[in-house]
Every structure is written in C-alpha cells, then in structure tokens.
Amino acid sequence: MLLAIEDLHLSVPSPGGTRQILRGVTLDVSEGETVGLVGESGSGKSTTARAALRLVPERASLSGAVSVCGHDLVAGDPAVVRKVRSELAAMIFQEPRAVLNPVRRIGDSATERLVRVHDVPKAEARRRVAELFDEVGLADTGRLLRAYPHQLSGGMLQRVVIAAALSTGPRLLLADEATSALDVTTQAEVLALLRRLQRERETGVLFITHDLQLAAAYCDRVYVMRDGAVVEHQKASTIFVNPADPYTKALAEAVPRLPEREQNTMEASA
Ligand SMILES: Nc1ncnc2c1ncn2[C@@H]1O[C@H](COP(=O)(O)OP(=O)(O)OP(=O)(O)O)[C@@H](O)[C@H]1O
C-alpha cells in the first residue's frame, strides 16, 4: 500500500474553542491506482492530502494513522518526514504560477528538488529535467529552461510542475485540483499525460477534485468527503449509477445537463 490513512482526526485551536477539520478519515491508495477524493469546498480534501506529507497547520492536534510506503507520518521522526517529502511523495497544486517563483528561470525552479535535496550536480539535474520536459510534451527544452514563468501558458507551466514533481521518482502523487485551472482541451491533455506517466511508473495518484463527474470518469475508486469525513467510497464506475449517500446523490444530480430542447436542436443541426 502506498498511502494508508486510518481514522485521522485533525483539529486546530480557534477563538471559540477547538475547530474539528478532519473527523476520522480513512482511505488508501495502492501502486498504479488513481483514487479520487471529491467533495465541496471546505470539506477537508486538501487537509487530508497535506497530512500525507505531514503538512498540517501549526498547533494542529492530530490523531489516527498516516503511512506512506510503510513510513509512519504521525509518529515518525523528522528524518522520516523528510524522506517521504523528498523521495516518496510529491504534490501538484492547482495553480502552477503560485508554486513557481516568477523571477527565477524555469530551469532553476524545476531542478531545485534534485540539486538541493538530492545533491545532484546542476548540469546533471538540468539534463534529467530536460529529458522529463521532453516526456511531458514540452518542446525546445533549452529555451524553456532559460525562460521565466510569465513567458509560458498555464498548460505549459502545469507540465513543468509535473516534470519537476516527477524528477525525484516519487511513488505517490498527490494532485490537488491539478487540472482545475486549465481550459478543457489542456485539461484533457494534462490528464492523459498524467495517466501515461502513471502507468509507465506504477505511481499511485490521489486525485483531488470538486468535480464528481471528472473523478468518476478518470479514477479507479472514489471517496466522497463532507464536513471533514468520508461519507462514501465506491468504484468509480458505479458511483453515478448507484450513489449510496444522500450527499453523493445530490452531487450526482447537480451535474449540469443541457436542457432537452437545446439537445434536440443540436442533434437536428448535426
Ligand atoms: N490552518 C487552518 N486553520 C484553520 N482552519 C483551517 C486551516 N486549514 C484549513 N482550515 C479549514 O478546514 C476546512 C477544510 O479545508 P480544506 O482546504 O482541506 O478543504 P477542501 O475540501 O480542500 O476545500 P477547497 O476545495 O476549497 O480547497 C476549511 O473550512 C478550512 O477553512
């Protein structure tokens, strides 16, 4: 098992007492699996994923178990946490521009993990990252390594971030709304790319999205969260057909559909 979270509770002190953010979350991700984590804004999806890297709020109180490739992230000492963050797991966020320093060249940002954390010589790190750029479909890698983030489109930047995340060969990818800011075509391209890389490397992916339809189409299994707890867990192929929890039912019913009249008009004109 790559990621195993069991009965995870997380609370933070708040002006009125204690604020419960996670209430007994249990989920897992195996090698080569894409597992969706779905829920509305504020349901605790990001907090759950960040707990896999022990990136929890300061002064948070945490109980339960989190293990990444068998390493205990709750009780583990700082060396274990460092190993997980630098070698075993990597996170991809929604907005690449927020991750990449705007005044640093792409090459410096993308090689940072290899150079700083893994002591790989700079020239070797650039060679490896250039290879990965090629793999994620970025052309003209020499020019790209010298470019600044503002010179690239959102889709290209997200590919850069994916290449940087993959540079240290993580077993587990935590993708937090990783394609939500992209237009539909670019989103489809980046999802296909992630799928291919994942199959080649047998990576496990925790795929966080607020979009149940996307999760059902893209993932193997789906967990649905509401108010800090998992309220449903199903195979992706059945979650739309057979939602058990009333909240999932409501989410499934909320998927926008074209009104019948417009659909008929489109069919007629096709
Ligand atoms: N450091 C913190 N201190 C206090 N509350 C926090 C902290 N971090 C998160 N929260 C709260 O915990 C809840 C869950 O947040 P989280 O970001 O995990 O939700 P989410 O499902 O990922 O939402 P979104 O889709 O909007 O990112 C939210 O109500 C958020 O405001």
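Residues numbered from 1 in each chain as written. Predicted model: local features only at pLDDT ≥ 70, side-chain atom pairs only at ≥ 80, totals over all residues.

Asker: Talk me through the overall build of the protein chain; I want residue IDs and the actual numbers.
Answerer: Along its length, the protein chain carries 12 helices and 10 strands. Taken over C-alpha atoms, the radius of gyration comes to 20 Å for the protein chain, in line with the 18 Å a tight globule of 270 residues would show. On the principal axes, the C-alpha backbone points of the protein chain span a range of 60 × 55 × 35 Å. Here the protein chain holds 270 residues, and the buried ones make up 37% of them. Intrachain contacts of the protein chain at a sequence separation of at least 6 include 66% that bridge at least 24 residues. (Helix = DSSP H or I, 4+ residues; strand = E, 2+ residues; numbered from the N terminus. Rg over C-alpha atoms; globule rule 2.2 N^0.38 Å. Buried ≥ 20, exposed ≤ 12 C-beta atoms within 10 Å, placed from the backbone. Contact = placed C-beta atoms within 7 Å.)

Asker: Break down the sheet that holds strand β1 (residues 3-14) for me, citing the residues and quoting the values.
Answerer: Pairing within the open sheet is antiparallel, and its 4 strands lie in the order β2-β1-β4-β5. For this open sheet the edge positions go to β2 (17-29) and β5 (71-72), each flanked by a neighbour on one side alone. Where β1 and strand β4 (residues 61-68) come together, 7 bridges link them in antiparallel fashion. The residue bridging I5 from the neighbouring strand is V66, located in β4. (Pairing = 2+ DSSP bridges.)

Asker: Lay out helix α7 (residues 154-166) in plain terms, naming residues and giving numbers.
Answerer: The end-to-end C-alpha separation of α7 is 18 Å, in line with the 18 Å expected for 13 residues at 1.5 Å each. With respect to burial, α7 is a largely interior element, 12 of its 13 residues being buried. All of the buried residues along α7 are G155, M156, L157, Q158, R159, V160, V161, I162, A163, A164, A165 and L166. In the core, the buried residues of α7 are packed alongside β6 (89-92), α3 (96-99), α4 (106-118), α5 (122-135), β7 (172-176) and α8 (184-201). (Expected span 1.5 Å × (residues − 1).)

Asker: Explain the sheet that holds β7 to me, and be specific about the residues and the numbers.
Answerer: Pairing is mixed in the open sheet, where 6 strands are placed in the order β6-β7-β8-β3-β9-β10. The open sheet is flanked by β6 and β10 (229-235), the only strands paired with a single partner. On average, each strand axis in the sheet is tilted by 20 degrees relative to the strand beside it, whichever way the strands run. Pairing between β7 and strand β8 (residues 204-209): 5 bridges, direction parallel. For D176, the partnering residue across the bridge sits in β8 and is I208. (Axes fitted to C-alpha atoms, helices over the stretch in contact; angles between N-to-C directions.)

Asker: Hey, could you go over the site of the ligand for me, with residue numbers and the actual values?
Answerer: If you check the shell around the ligand, you find 13 residues, and the closest are S41, K45, S46, T47 and P57. Elements with a contribution of two residues or more to the shell around the ligand: β2 and α1 (45-51). Considering every element that reaches the shell around the ligand, the biggest residue donor is α1, with 3 residues. The residue inventory of the shell around the ligand, partitioned by class, reads 3 nonpolar, 8 polar and 2 charged. (Near = placed C-beta within 6 Å. Nonpolar A, V, L, I, M, F, W, Y, C, P; charged D, E, K, R; others polar.)

Asker: Please give an account of the pairing of β8 that cites residues and values.
Answerer: Burial runs high along β8: 6 of the 6 residues are buried. Neither face of β8 is open: one carries G204, L206 and I208, the other V205, F207 and T209, and all of them are buried. Here 5 bridges tie strand β3 (residues 34-38) to β8, and the two strands are oriented parallel to one another. Following the sheet pairing, G36 is matched in β8 by F207. The parallel pair β7 and β8, bridged by α8, forms a crossover whose chirality is right-handed. (Right-handed = clockwise from strand over helix to strand, strands pointing away.)

Asker: Provide a residue-level description of the UniProt feature "domain: ABC transporter" (unreviewed entry) in the protein chain, including the pertinent values.
Answerer: With numbering aligned to this structure, UniProt lists the feature "domain: ABC transporter" (unreviewed entry) at residues 3-252. When the span residues 3-252 is considered, its composition is 42% helix and 27% strand, and the gap between its end C-alpha atoms is 27 Å. (UniProt positions renumbered as here; feature names shortened; annotations may be inferred.)

Asker: Residue-level account of the packing of α4 against α7, with values.
Answerer: Between α4 and α7, the least distance of the axes is 7 Å, while the angle of their chain directions is 30 degrees. Considered as vectors, α4 and α7 are oriented roughly parallel to each other. The handedness of the crossing between α4 and α7 comes out as right-handed. Counted together, I106, S109, A110 and R113 of α4 and V160, A163 and A164 of α7 form the full contact between these two elements. Its residues placed into classes, the contact of α4 with α7 shows 5 nonpolar, 1 polar and 1 charged. (Parallel < 35°, antiparallel > 145°, perpendicular 65-115°, else oblique. Left-handed = near helix turned anticlockwise from the far one by under 90°.)

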